[in-house]
Amino acid sequence: MCTLEKRGNVFFLTLTGDGEHRLNPTFISSIRSALSEVKSQSATGSALVTVADGKYFSNGFDLNWAISTSGGSPSKAVDLLRQMVDLFKPLVADLVSLPMPTIAAITGHAAAAGMILAISHDYILMRRDRGFLYMSEIDIGMTLPDYFTAMMRSKVGKPEARRDILIRAVKVKAEEAVAMGFVESAHDSVESTVEAAVRMGEDLAKRKWDGEVYSEIRKSLYPELCGVLGLITKEVVKPRF
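These numbers come from a predicted model, not from an experiment.

**Student:** Even after reading the chapter, I still don't get the overall build of the protein chain, so can you show me in this structure?
**Tutor:** Broken down by element type, the protein chain carries 11 helices and 9 strands. Against the globule reference of 18 Å for 241 residues, the protein chain gives a C-alpha radius of gyration of 17 Å, in line with a compact fold. With respect to the principal axes defined by its C-alpha atoms, the protein chain has extents near 60 × 40 × 35 Å. For the protein chain, the proportion of its 241 residues judged to be buried stands at 51%. A fraction of 72% describes how many contacts in the protein chain between residues 6 or more apart in sequence connect residues 24 or more apart. If you average the places of the 29 positive and of the 29 negative side-chain charges in the protein chain, the two averages end up 2 Å apart.

**Student:** Please clarify how the nonpolar core should be interpreted in this entry.
**Tutor:** Note on soluble globular proteins: their nonpolar side chains tend to be buried together. Ranked by internal contacts, the top residues of the largest apolar core, which has 62 residues, are Phe61, Phe88, Leu133, Ile165 and Phe182. Per-element accounting of this core gives the leading share, 10 residues, to helix H3 (residues 74-96). Ignoring sequence-local partners within four residues, the contact set of Leu133 consists of Ile106, Ala110, Met115, Met126, Val170, Lys171, Val172, Ala177, Phe182 and Val183. Phe12, Val49, Val51 and Leu204 belong to the second-largest nonpolar core, a separate cluster that totals 14 residues.

**Student:** When you look at the pattern of salt bridges in this model, what are you seeing that I'm missing?
**Tutor:** Under the defined criterion, the tally for this structure stands at 15 salt bridges. Put simply, Arg168 and Asp164 hold a salt bridge, and the shortest N to O gap is 3.4 Å. On the accessibility criterion, Asp164 (13% relative accessible area) is buried. Among the ionic pairs, Glu212 bridges to Lys238, the shortest N-O distance being 2.8 Å. With Glu212 in helix H10 (residues 211-221) and Lys238 in the segment after helix H11 (223-229), the pair connects residues that are 26 residues apart, well separated along the chain. For Lys238, a relative accessible area of 41% translates into the label partly exposed. Three or more residues joined by partner-sharing salt bridges are found here, namely Asp210, Glu212, Lys234 and Lys238.

**Student:** Would you mind going over the sheet that holds strand E4 (residues 56-58) with me for this structure?
**Tutor:** To summarise the sheet geometry, strands pair through backbone hydrogen bonds and adopt either a parallel or an antiparallel arrangement. If you trace the 3 strands from one edge of the open sheet to the other, you get E4-E6-E8, paired in parallel fashion. Each edge of the open sheet carries a strand with a single partner, namely E4 and strand E8 (133-134).

**Student:** Can you walk me through a nonpolar patch on the surface in this structure?
**Tutor:** A cluster of nonpolar side chains, contributed by Leu63, Ile67 and Ile140, occupies part of the molecular surface with about 270 Å² of accessible area. In this fold, Ile67 is placed in helix H2 (residues 63-69).

**Student:** Quick question: what am I supposed to make of the packing of H3 against helix H6 (residues 146-155) here?
**Tutor:** Relative placement of two packed helices is described by the angle separating their axes and the distance separating the axes. Relative orientation of the contacting elements H3 and H6 amounts to 30 degrees, with a least axis distance of 10 Å. On the side of H3, the interface is formed by Val85, Phe88, Lys89, Val92 and Val96, while H6 contributes Asp146, Tyr147, Phe148 and Met151. Its residues assigned to classes, the contact of H3 with H6 comprises 7 nonpolar, no polar and 2 charged.

Basis of the calculations
Residues numbered from 1 in each chain as written. Predicted model: local features only at pLDDT ≥ 70, side-chain atom pairs only at ≥ 80, totals over all residues. Heavy atoms only, no water. Helix = DSSP H or I, 4+ residues; strand = E, 2+ residues; numbered from the N terminus. Rg over C-alpha atoms; globule rule 2.2 N^0.38 Å. Buried < 20%, exposed > 50% of the residue type's maximum accessible area, 1.4 Å probe, protein only. Contact = heavy atoms within 4.5 Å. Lys, Arg positive; Asp, Glu negative; His and termini not counted. Charge placed at Lys NZ, Arg CZ, Asp CG, Glu CD. Core = buried A, V, L, I, M, F, W, Y, C linked by side-chain atoms within 4.5 Å. Salt bridge = Lys/Arg side-chain N within 4 Å of Asp/Glu carboxyl O. Pairing = 2+ DSSP bridges. Patch = residues over 30% accessible without salt bridge, like charges linked within 9 Å, V, L, I, M, F, W, Y side chains within 5 Å. Areas by Shrake-Rupley, 256 points an atom, 1.4 Å probe, with all protein chains shown as cover. Axes fitted to C-alpha atoms, helices over the stretch in contact; angles between N-to-C directions. Nonpolar A, V, L, I, M, F, W, Y, C, P; charged D, E, K, R; others polar.

Structural data, given as structure tokens:
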């Protein structure tokens with residue numbers, strides 16, 4: 001499922017195994033549990049780096065789980081897909097409200113809900129020679145949950161980029177995503193991508209920002225998204241004189 005490690009002030013969340021890291025209720029719960037632990041252990045000057053083993057960051061919701069669990073009923077499979085959509089929403093809220101900078105090192109494909117998981121982080125670093133970001137909903141025949149749309153409007157600033165991602169289903173590689181403005185940088189290998197993410201995490205941790213202040217400023221940047229996620233902003237005053 002996933003593992004959590006802490007080195008200094010940087011937490012490392014790893015999606016483990018060589019599979020597609022499909023998001024089903026068990027996997028979603030595992031990630032949320034890890035993020036809860038991160039939040040409980042956070043201190044001034046913490047950061048989170050999320051990485052994934054294998055060729056996928058995450059290939060989205062576990063449709064095979066929905067089909068196999070449905071007992072052959074198409075309507076039940078759709079209900080189970082809706083259940084995963086509902087369960088994934090608070091995971092996204094966990095990341096958006098986490099009291100520290102968050103970095104995703106994308107060294108494989110991130111599709112549909114897997115792309116939403118990636119862009120729920122503050123910074124995305126990608127491997128340039130392999131892997132893409134892809135919103136597959138129009139290809140598979142389903143509309144977007146409201147929080148997916150709000151996330152895309154919040155994180156992908158260029159209207160033409162959103163159009164190409166959502167209603168052309170373009171598979172966006174690292175250099176293209178950097179040009180679109182929602183990926184920080186592109187790197188030559190798995191190792192260099194992860195190393196750059198670790199350096200960024202360590203550099204951000206050194207700033208010793210207050211986590212509550214950081215979280216509230218982040219939430220204030222995305223009012224539409226936070227409204228859909230049910231996150232409330234508040235004033236925090238903790239001056240460092």
